[in-house]
Amino acid sequence: MANYDTITVEKRGRVAVLTINRPDKLNALNKQVHAEGVAALDELRGDDSVKVLIITGAGERSFIAGADISEFEGQTPVTQRDLFHEKTFFNSIDAFPKPVIAMVNGFCLGGGNELAMACDLRICSGKARFAQPEINLGIMCGGGGTQRLTRLVGEGRSMEMVLTGDMIDAETAHRFGLVNHVYQAAELEAKTMELAEKIAEKAPIALQLSKEAVKFASRSNLDEGLRREVDLFAICFSTEDKKEGVAAFLEKRKPVFKGR
Ligand code: COA
């Protein structure tokens, strides 16, 4: 992996952990984080040894406290729009072919919550706090907040978060369906790794196609979605891993998937 200044990437067997590393700024997303995040995902995408990616924030206090507000100064509508129309970190995560888990260890605000929602699964500690506080700055969400939050939690809850900017705690986020699991801070990492390892054992092509199909569900109507699902299902029948999975079941043994 290349060396980065604002992020770190560590490989732990089949799981890679990408950490936003600006703890003194509560891991706020500046332009460099976006650029380095996109570059790291491009590297990890082609690395066959990595099956699952975890994204987290450095330090004890924050996952990501949002966009770096200091960079809003001097932005014009055109430069800000260009920035978010370019290949953003959010979009690179959304398009990443392998499962991505957000491990939320503290503040998950604004662009931080948008980034977590671009991931496939969100696991948090009991001290995590979630908000879309853009409204308090006289602006609104621009990294997918109004769209992904509404799909995840429903219009009423999304509307309240977006219009008030108020923080919700981990239990509320869990009840809303914004996060999959809440753990005590001390066990967050172990529990997240356990989940990542469990997913990393599955057949990589089937994981990729399943992810594509689930994501398509909120981007299509039911008939289109059902058609896409059956096409992707059929593609699984061309893989060696399908033969291995079926044979292993019939032979009463654990399958060994190869990603082919
Ligand atoms: N952009 C830039 N810097 C940020 C930041 C952000 N989104 N969030 C926090 N920081 C910086 C602070 O400026 C401070 O830097 P400094 O020590 O150089 O002054 C440092 O991170 C620590 O934050 P601080 O505000 O002192 O911590 P706190 O515990 O008092 O408050 C928050 C924590 C999260 C409540 C507060 O930092 C906050 O409201 N941040 C902005 C959240 C936000 O609106 N995000 C959406 C942006 S669109």
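Cut-off values and rules
- Residues numbered from 1 in each chain as written.
- Predicted model: local features only at pLDDT ≥ 70, side-chain atom pairs only at ≥ 80, totals over all residues.
- Heavy atoms only, no water.
- Phe/Tyr/Trp six-rings, centres within 6.5 Å; stacked < 30°, edge-to-face > 60°.
- Buried < 20%, exposed > 50% of the residue type's maximum accessible area, 1.4 Å probe, protein only.
- Lys NZ or Arg CZ within 6 Å of the ring centre and 35° of its normal.
- Helix = DSSP H or I, 4+ residues; strand = E, 2+ residues; numbered from the N terminus.
- Pairing = 2+ DSSP bridges.
- Contact = heavy atoms within 4.5 Å.

Draft legend 1. How the structure looks around the packing of aromatic side chains. According to the stated counting rule, one finds two aromatic pairs in the structure shown. Ring plane angle 70° and centroid distance 5.8 Å describe the contact between phenylalanine 84 and phenylalanine 90, whose orientation is recorded as edge-to-face. Relative accessible area serves as the criterion here: at 4%, phenylalanine 90 is assigned to the buried category. Here phenylalanine 233 and phenylalanine 237 contribute two aromatic rings whose centre-to-centre distance is 5.1 Å and whose plane-to-plane angle is 75°, an arrangement assigned as edge-to-face. Lying across the ring of phenylalanine 216, arginine 228 places its NZ or CZ 3.9 Å from the centre.

Draft legend 2. How the structure looks around the pairing of strand S5 (residues 100-104). Along S5, five of the five residues are buried, which leaves the element largely enclosed by surrounding structure. Taking every second residue as pointing to the same face, both faces of S5 are buried, with Val100, Ala102 and Val104 on one and Ile101 and Met103 on the other. Where strand S3 (residues 52-57) meets S5, four bridges bridge the pair, whose relative direction is parallel. Following the sheet pairing, leucine 53 is matched in S5 by valine 100. Here S5 pairs with strand S7 (residues 121-125) via four bridges, running parallel. Paired with alanine 102 across the two strands is arginine 122, which belongs to S7.

Draft legend 3. Layout of the environment of alanine 196. Topologically, alanine 196 is positioned in helix H8 (residues 185-200). Here alanine 196 falls in the buried class, since its relative accessible area comes to 0%. Note: C-alpha distance between alanine 196 and lysine 51 (145 residues apart in sequence) is 8.7 Å. Sequence-distant contacts of alanine 196, defined by excluding residues within four places in its chain, comprise Val15, Val52, Ile54 and Ile101.

Draft legend 4. Structural context of unusual backbone geometry. Residue leucine 26 is not a glycine yet carries a positive backbone phi of 50°. Within the chain, asparagine 27 stands out as a residue other than glycine whose phi angle is a positive 65°. Note on placement: asparagine 27 falls in the loop between strand S2 (15-20) and helix H1 (31-45). The buried category is assigned to asparagine 27, whose relative accessible area is 0%.

Draft legend 5. Focus on the environment of glycine 259. Along the polypeptide, glycine 259 turns up in the segment after helix H11 (240-250). Accessibility expressed as a relative area gives 29% for glycine 259, which makes it partly exposed. Distance from glycine 259 to glutamate 240, taken between C-alpha atoms, is 7.9 Å for residues 19 residues apart in sequence. What glycine 259 contacts, discounting residues up to four positions off in sequence, is Pro204, Ile205 and Asp241.

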